[in-house]
Amino acid sequence: MNSEFTIAVHSLVLLAYRPDHMATSDVIAHNVCTHPARVRKVMACLKKAGYVATKEGSGGGFILSCNPEEVTLAEIYRVTSIGSIKPSWCSGSVEEDCLIACNIAGVMDGIFTEAEQGMLNYLERLTLREVLDRLKTAQREKR
């Protein structure tokens, strides 16, 4: 899995926490603990999908343009990371004269597809609001 999903969820939950405030990529990057360029790349995907809006210039930045109670983590995963659970390389070769070598890539591809679908089914049950609620609970439990 790639880190874009985590960056996207973190950024959207941060914006949901303060729904009436804009946040620059620098502010979001500081909170996410990554480079602003990585944040801008992810936020561009989220903007294209309609989850955030932007304002240029002084006082500009990103603002949430979706309802955190309706957006599921599965939606965010599909926008940022679909297919990333499958590694870019698999062992074996269809050209080999061996039961294992010539079939392993196809079998593993099916396994990764099934695993990703299972994860999407789980993520479909979680909304951005629930992540924010879990964060608030975690903070209360620290006290």
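What counts, and where the lines are drawn
Residues numbered from 1 in each chain as written. Predicted model: local features only at pLDDT ≥ 70, side-chain atom pairs only at ≥ 80, totals over all residues. Heavy atoms only, no water. Axes fitted to C-alpha atoms, helices over the stretch in contact; angles between N-to-C directions. Helix = DSSP H or I, 4+ residues; strand = E, 2+ residues; numbered from the N terminus. Parallel < 35°, antiparallel > 145°, perpendicular 65-115°, else oblique. Left-handed = near helix turned anticlockwise from the far one by under 90°. Contact = heavy atoms within 4.5 Å. Nonpolar A, V, L, I, M, F, W, Y, C, P; charged D, E, K, R; others polar. Expected span 1.5 Å × (residues − 1). Buried < 20%, exposed > 50% of the residue type's maximum accessible area, 1.4 Å probe, protein only. Arc of directions from axis to C-beta.

Caption draft 1: Looking closely at the packing of helix α1 (residues 4–17) against helix α4 (residues 73–80). Across the interface, α1 lies against α4 with an axial gap of 9 Å and an inter-helix angle of 130°. The pairing of α1 with α4 is recorded here as oblique in orientation. In terms of crossing hand, the pair formed by α1 and α4 is right-handed. Of the residues in α4, those in contact with Glu 4, Phe 5, Ala 8, Val 9 and Leu 12 of α1 are Leu 73, Ile 76, Tyr 77 and Thr 80. Looking at the contact of α1 with α4 residue by residue, the class counts come to 7 nonpolar, 1 polar and 1 charged.

Caption draft 2: Just helix α3 (residues 36–48), in detail. Between its first and last C-alpha, α3 extends 18 Å over 13 residues, near the 18 Å set by a 1.5 Å rise per residue. Regarding α3, the residues found buried are Pro 36, Val 39, Val 42, Met 43 and Leu 46. The buried side chains of α3 occupy one side of the element, clustering within an arc of 125° when seen end-on. Opposite its buried face, α3 presents the exposed residues Lys 41 and Lys 48, each directed more than 90 degrees away. On the buried face of α3, the contacting elements are α1, α2 (25–32), β1 (52–55), β2 (61–64) and α4. Immediately beyond the C-terminal end of α3, within one or two residues, lies Gly 50, with a positive phi of roughly 90°.

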